[in-house]
Amino acid sequence: MTMIFSDIVFYVLAAILLVAAIRVITTRNPVHAALFLVLAFFTAAGIWLLLEAEFLAIALVLVYVGAVMVLFLFVVMMLDINIDKLREGFWEYLPMAGFIGVLMAVEMALVLGGKYFGESNAIAKPADYSNTAELGRVLYTDYLLPFELASVVLLVAIVAAITLTLRDRKDSKSMNPAQQVLAKKADRLRIVKMKSVLDEEPIESASDAESKQLDTNNTQQTGKS
């Protein structure tokens, strides 16, 4: 009964995954295509959970759905994409694209069919078995060289992306960290000695000027008398 239920869940998730993948490339709205891709990622994570690959399922949801697809949605919604120009010549290249897709599917079936799709006996696992620990052990032992090569390729891609964005432009402003570290206090602060300046005499108000004028007139009248 358990196997029948798991088989039903697998076929339902697989059907949803196929429909979502087809809608990603056939829908006209790019935002809808990104949302269908999110649905495809979620259903793929569910299939991995059925295969007892919990770490891969959580990594798929956190990395792709939580980060990459959110970035895709923001970029698609902010950019003014002309759908008509993107779809020009779509039907002309459809036969060639379909042929290449079928050829790739046949090659994958030939490579993986005999080893992974044949009959296999289930191996009983102990109670303390950890899928994440087993994945890390295999990754850093049997597949150490491919893992290191993939990390080098990703590092080169990151450096290339940074180099492309930091091109010399006339309107770009940049600072040299080496010159900032070598800066000294004498280069940044200058003390200037200046002579002291006396305050100007206070400006007399109108009432004081009138009182002085009256005193002057009184003095002149007294002298005449």
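The preceding data block contains the structure.
A brief structural summary. (Residues numbered from 1 in each chain as written. Predicted model: local features only at pLDDT ≥ 70, side-chain atom pairs only at ≥ 80, totals over all residues. Heavy atoms only, no water.)

So, on to the environment of Phe41. The residue Phe41 is located in helix α2 (residues 30-50) in this model. Given the relative accessible area of 17%, Phe41 is considered buried. A sequence separation of 19 residues divides Phe41 from Leu60, and the C-alpha atoms of the two residues are 7.0 Å apart. Other than its neighbours up to four places away in sequence, Phe41 contacts Leu60, Tyr64, Val65 and Met69. (Helix = DSSP H or I, 4+ residues; strand = E, 2+ residues; numbered from the N terminus. Buried < 20%, exposed > 50% of the residue type's maximum accessible area, 1.4 Å probe, protein only. Contact = heavy atoms within 4.5 Å.)

In this structure the tally under the stated criterion is three aromatic pairs. When the centroid spacing of 5.5 Å and the interplanar angle of 70° are considered together, the rings of Phe10 and Tyr11 count as edge-to-face. Looking at Tyr11, the relative accessible area reads 60%, which means it is exposed. (Phe/Tyr/Trp six-rings, centres within 6.5 Å; stacked < 30°, edge-to-face > 60°.)

Let us now look at helix α3 (residues 54-78). Taking 1.5 Å of rise per residue, 25 residues should cover 36 Å, and α3 covers 34 Å from first to last C-alpha, within 8% of that figure. The sharpest bend along α3 reaches about 30° and sits at Met69. Regarding α3, the residues found buried are Ala57, Leu60, Val65, Met69, Leu73 and Val76. Buried-residue contacts for α3 involve α2. (Expected span 1.5 Å × (residues − 1). Bend = angle between axes of the 7 residues up to and from the residue.)

In total, this model carries one salt bridge according to the counting rule given. Arg137 serves as the salt-bridge partner of Glu134, at 2.6 Å between the closest nitrogen and oxygen. Taken together, the positions of Glu134 and Arg137, both in helix α6 (residues 131-139) and three residues apart, correspond to about one turn of that helix. (Salt bridge = Lys/Arg side-chain N within 4 Å of Asp/Glu carboxyl O.)

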